[in-house]
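Residue-level listing of the chains:
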Amino acid sequence: MDDDVLDAYSRTVSGVAERVLPSVASLTVVTPRGTGAGSASVITRDRHLLTSAHVVAGARRVEAAFLDGTTVDADVVGRDPLSDLAVLRAHDDLPDPVELGDAARLRVGQLVIALGNPLGLAGSVTAGIVSALGRSLPTASGRVVDEVVQTDAALNPGNSGGVLADGAGRMVGVNTALAGIGVGLAVPVNSTTRRIVDALMTRGRVRRAWLGIAGIQVALSPELAARMGSRTGLQVADVSPGSPAEEAGLRRGDVVVELDGNRVVTATAVQRLMVEDAIDRRIEVTVWRNGALVDVLAYPRELATP
């Protein structure tokens, strides 16, 4: 179709499809439970692909098929169920990689395009907008993926692991779930996920710290809120036996307001701070206990991943 017949929207979507689809693979995954399907994208020139961790869980064999008819076998280099990301490495050469963008630059209402292989329909493209930002996606591990991108671009089974691209054809998300009619979710491509992907490519796993508390968000008194600069804190509901938190003396009922110099208002905020460089490092935890602020010193340990 001639360019002059297409409007600006159509030209943008068509351009992204032409640019990105050659680098998007349809995955066939053989597991002990049977055969599954998903999507993946080429991310490096040395045969690495990116997909969703749940797509390749238990994989014994993975085959990637591209629109030009090329099929290659691939090995799972590393999976991170806590972020629902996985990296594969193909046995043979692949198409050019997709360009990685930055989901931190996305805005609500911005055009995004989902590319993948829903319901076995290879090379499918749907378009929509960014419906919301900053969503949280629960994973099978019980943790959540932060800053998830919500879109109304149609996603269906088989889309997981595929590309969510911006109007310039840069990958800003990895399609990971269908939350309901008209609601699609994607793990963002940002500085955090880039570090996760790098760790999977180089070490095959991601190291995280573990403190060992569970809690609920509670309102602080007006006086304490003014002092801490936050209206809420995290009340400790449970302390895991033998955990760094228990060893440090944290107790049920404590209200955590600051961790390692950062304000804490939710369990997700604690999770976000439990990164690799916190492992075995002294962390100061400030809690509200019995009407006073108390500083507790903890040494988070490495989290055992599933």
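Residues numbered from 1 in each chain as written. Predicted model: local features only at pLDDT ≥ 70, side-chain atom pairs only at ≥ 80, totals over all residues. Heavy atoms only, no water.

> Just to check I follow, could you spell out the overall build of the protein chain for this structure?
A count of helical and extended segments in the protein chain gives five helices and 21 strands. By the compact-globule yardstick of 19 Å for 306 residues, the protein chain fits well, its C-alpha radius of gyration being 22 Å. With respect to the three principal axes, the spread of C-alpha positions in the protein chain is 70 × 45 × 30 Å. Buried positions account for 47% of the 306 residues belonging to the protein chain. The contacts of the protein chain with a sequence gap of at least 6 include a subset with a gap of at least 24, amounting to 60%. Just so you have it, the protein chain exposes about 14,700 Å², and 48% of that area is on carbon and sulfur atoms. Here the protein chain carries 30 positive and 35 negative side-chain charges, and the mean point of each set is 6 Å from the other. (Helix = DSSP H or I, 4+ residues; strand = E, 2+ residues; numbered from the N terminus. Rg over C-alpha atoms; globule rule 2.2 N^0.38 Å. Buried < 20%, exposed > 50% of the residue type's maximum accessible area, 1.4 Å probe, protein only. Contact = heavy atoms within 4.5 Å. Areas by Shrake-Rupley, 256 points an atom, 1.4 Å probe, with all protein chains shown as cover. Lys, Arg positive; Asp, Glu negative; His and termini not counted. Charge placed at Lys NZ, Arg CZ, Asp CG, Glu CD.)

> What is the right way to look at the sheet that holds strand β2 (residues 34–42) in this model?
Strand order in the closed barrel formed by six strands is β1-β2-β3-β6-β5-β4, and the pairing between neighbours is antiparallel. Taking each pair of neighbouring strands and ignoring which way they run, the sheet shows an average axis angle of 40 degrees. Strand direction decides the pairing type here: β2 and strand β3 (residues 48–51), joined by two bridges, are antiparallel. Bridge pairing in β3 links Val42 to Leu49. Across the sheet, helix α2 (residues 191–203) is in contact with β3, β5 (71–80) and β6 (85–90); its angle to β6 comes to roughly 45 degrees. (Pairing = 2+ DSSP bridges. Axes fitted to C-alpha atoms, helices over the stretch in contact; angles between N-to-C directions.)

> When you look at the environment of Arg105 in this model, what are you seeing that I'm missing?
Tracing the backbone shows Arg105 in the loop between β7 (99–100) and β8 (111–116). In the structure, Arg105 is positioned 68 residues away from Ala37 in sequence and 31 Å away in space, judged by C-alpha atoms.

> Honestly, α2 in this entry has me stumped. Any pointers?
Side chains of residues three or four places apart in an α-helix project in the same direction, reflecting 3.6 residues per turn. Here α2 contains 13 residues, and its C-alpha end-to-end distance of 18 Å stays within 8% of the 18 Å for a straight helix at 1.5 Å per residue. Of all the residues in α2, the buried ones are Thr193, Ile196, Val197, Ala199 and Leu200. Around the axis of α2, the buried residues are gathered within 160 degrees of arc, so they sit on the same side. Turned more than 90 degrees away from the buried face of α2 sit Arg195 and Thr202, all of them exposed. Of the surrounding elements, those touching the buried residues of α2 are β3, β5, β6 and β13 (183–188). Its side-chain oxygen placed 3.1 Å from the backbone nitrogen of Thr192, Asn190 serves as the N-cap of α2. Just beyond α2, the residue with positive phi is Gly204, at close to 80 degrees. (Expected span 1.5 Å × (residues − 1). Arc of directions from axis to C-beta. Polar contact = N/O pair within 3.5 Å; in protein donor to acceptor, adjacent residues only side chain to side chain.)

> Explain the layout of surface pockets here, please?
Any empty space left between atoms is shown by rolling a water-sized probe over those atoms. Of the pockets and cavities examined, the largest pocket occupies roughly 580 Å³. If you go around the largest pocket, you meet 23 residues; those closest to its centre are Thr192, Arg195, Ile196, Arg208 and Val275. Secondary structure elements with two or more residues in the lining of the largest pocket: β10 (144–151), α2 and α5 (267–273). Among the elements that take part in the lining of the largest pocket, α2 stands out by supplying six residues, more than any other. Its residues assigned to classes, the lining of the largest pocket comprises nine nonpolar, five polar and nine charged. (1 Å grid on protein atoms, 1.4 Å probe; cavity = no way out; pocket = protein on both sides within 12 Å on 5 of 7 lines; lining within 4 Å. Points joined across faces, edges and corners; volume = space filled by probe spheres on them. Nonpolar A, V, L, I, M, F, W, Y, C, P; charged D, E, K, R; others polar.)

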